Amino acid sequence: MSDPIGAVLRDATALNHFYPELEPTLAMLFARFNEEQSWQKDLFRQETVTGAYYTLHAWMSPPNPSPFPRGQAIHSSGFGELTMQVAVENYKTDLMRWHRDDLADSRAPLSLRAQAELGMKRLMNYKDFVLQELLLGTASTYLTPGFAFNNIFGGTGLFSSSHSYNGQTWDNSQPGSGTSAAALIDDLWTLIKNFQGAVDSEGNPYFTASEVEEARYCIVIPDDLLQAFSQALKSEFLLEGGATAPSSNYTRTVFAAQMQLKVYQRLTDANNWYIFRTDIGTNERPFAEGSREGFRTQNWTESNSDDSRKTLYEGIRGVRRIAYAIGNPLYAQEVTN
């Protein structure tokens, strides 16, 4: 067995947390935890789950009105519906172990147990980890193997050029025209136009024109695009393609107050970016997080563990039961360059 965290290294040349001289430099070196960010929370619909799975359920639109010529028989229609089952899964932190003597002898300003509890705080903010895989449609590290990337329209994931429902289609995966400020502006207007063209299951506009124009949006980008996007959305003047002198940045004038720009540092592709509607009056979101049980802490100590009594090793880990799902694709678009 390898030494657990905080194990005493008795070699005099080994510097470890028993050396108080290092406190000013190393006290909080890796005692880091990213608090839950509000923009990430805004992308997830919160569900309360009462069983091993839950079902997302939506009605399709009622039929459109039509002429009723004199003498025509009455026509009736049913109610179309969309459903999707979502499984609850277990997520955990690894068991962090230490020797009881090390816990007592350590002079580090942050105790071993407090350091281990940082991992459990990260589990409480698990959205930060799974968001990247939900965006990319891959279950590689943080989602469970075999995670079903279904959405309410089928099995294409959140982004697709061919979402289909009741004969209608929704293309929310757009090819980009580049990563310069001018190209980002052009693509942004393409996305706004695409939101204007979204339709319900009967072909009617899904959003009103003013709703799209006045909506608030969250643009999620990799850090590589921060400079170009800042120029596109925050510069008062901009040199457009083919121009010899900068002109007023009308995109900033029209949309700057409605666009929330957020860097998501876990994104590994330097060129692709995403836009989400975040001013939603209903509970519609591009993702869903269902909590089945609250966060649980499991402790191994001399008071409850035979192994701990024999070895003097203690430990702690956290466990959560959560369900993650793709929500409503009509509130999200991606740009791929």
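Residues numbered from 1 in each chain as written. Predicted model: local features only at pLDDT ≥ 70, side-chain atom pairs only at ≥ 80, totals over all residues. Heavy atoms only, no water.

What to know about the nonpolar core
By size, the foremost hydrophobic cluster in this structure holds 40 residues, and its most contacted members are Y54, Y217, I219, F229, M259, W273 and I275. At the level of secondary structure, the elements contributing two or more residues to this core comprise β2 (53–59), β3 (81–87), α6 (181–197), β9 (217–221), α8 (226–234), β12 (259–263), β13 (273–277) and β15 (313–326). The leading source of residues in this core is α6, at five residues. With sequence-adjacent residues up to four places away left out, F229 is seen in contact with L184, I219, I221, K234, L261 and W273. (Core = buried A, V, L, I, M, F, W, Y, C linked by side-chain atoms within 4.5 Å. Buried < 20%, exposed > 50% of the residue type's maximum accessible area, 1.4 Å probe, protein only. Helix = DSSP H or I, 4+ residues; strand = E, 2+ residues; numbered from the N terminus. Contact = heavy atoms within 4.5 Å.)

Structural notes on unusual backbone geometry
In this structure, N166 takes a positive phi of about 55° despite not being glycine. What makes N166 partly exposed here is its relative accessible area of 42%. The backbone phi angle of L312 is positive, close to 70°, even though this residue is not glycine. Within the secondary structure layout, L312 lies in the loop between α10 (306–311) and β15. A residue is classified by how much of its surface remains accessible, and L312, at 25% relative accessible area, is partly exposed.

Focus on a nonpolar patch on the surface
Taken together, W189, Y250 and V254 make up a surface patch of nonpolar side chains, about 270 Å² in accessible area. Within the secondary structure, W189 sits in helix α6. The exposure class assigned to W189 is partly exposed, which follows from its relative accessible area of 31%. (Patch = residues over 30% accessible without salt bridge, like charges linked within 9 Å, V, L, I, M, F, W, Y side chains within 5 Å. Areas by Shrake-Rupley, 256 points an atom, 1.4 Å probe, with all protein chains shown as cover. Salt bridge = Lys/Arg side-chain N within 4 Å of Asp/Glu carboxyl O.)

Side note on the packing of α6 against α8
Two elements in contact, α6 and α8, have axes whose closest approach is 8 Å; the angle formed by their N-to-C orientations is 65°. Handedness of the crossing formed by α6 with α8: right-handed. Two secondary-structure elements touch here, α6 through A181, L184, I185 and L188 and α8 through A228, F229, Q231, A232 and L233. For the contact of α6 with α8, a count of residues per class yields eight nonpolar, one polar and no charged. (Axes fitted to C-alpha atoms, helices over the stretch in contact; angles between N-to-C directions. Left-handed = near helix turned anticlockwise from the far one by under 90°. Nonpolar A, V, L, I, M, F, W, Y, C, P; charged D, E, K, R; others polar.)

A closer look at the sheet that holds strand β8 (residues 173–175)
The strand order across the open sheet formed by five strands is β8-β16-β13-β9-β12, and the pairing between neighbours is mixed. Here the strands that pair on one side only, and so sit at the sheet edges, are β8 and β12. Going across the sheet, the axis of each strand differs from the next one's by a mean of 20°, ignoring polarity. When β8 meets strand β16 (residues 332–336), the two strands line up parallel, connected through three bridges. Residue pairing for β16: S173 is matched across the bridge by E334. (Pairing = 2+ DSSP bridges.)

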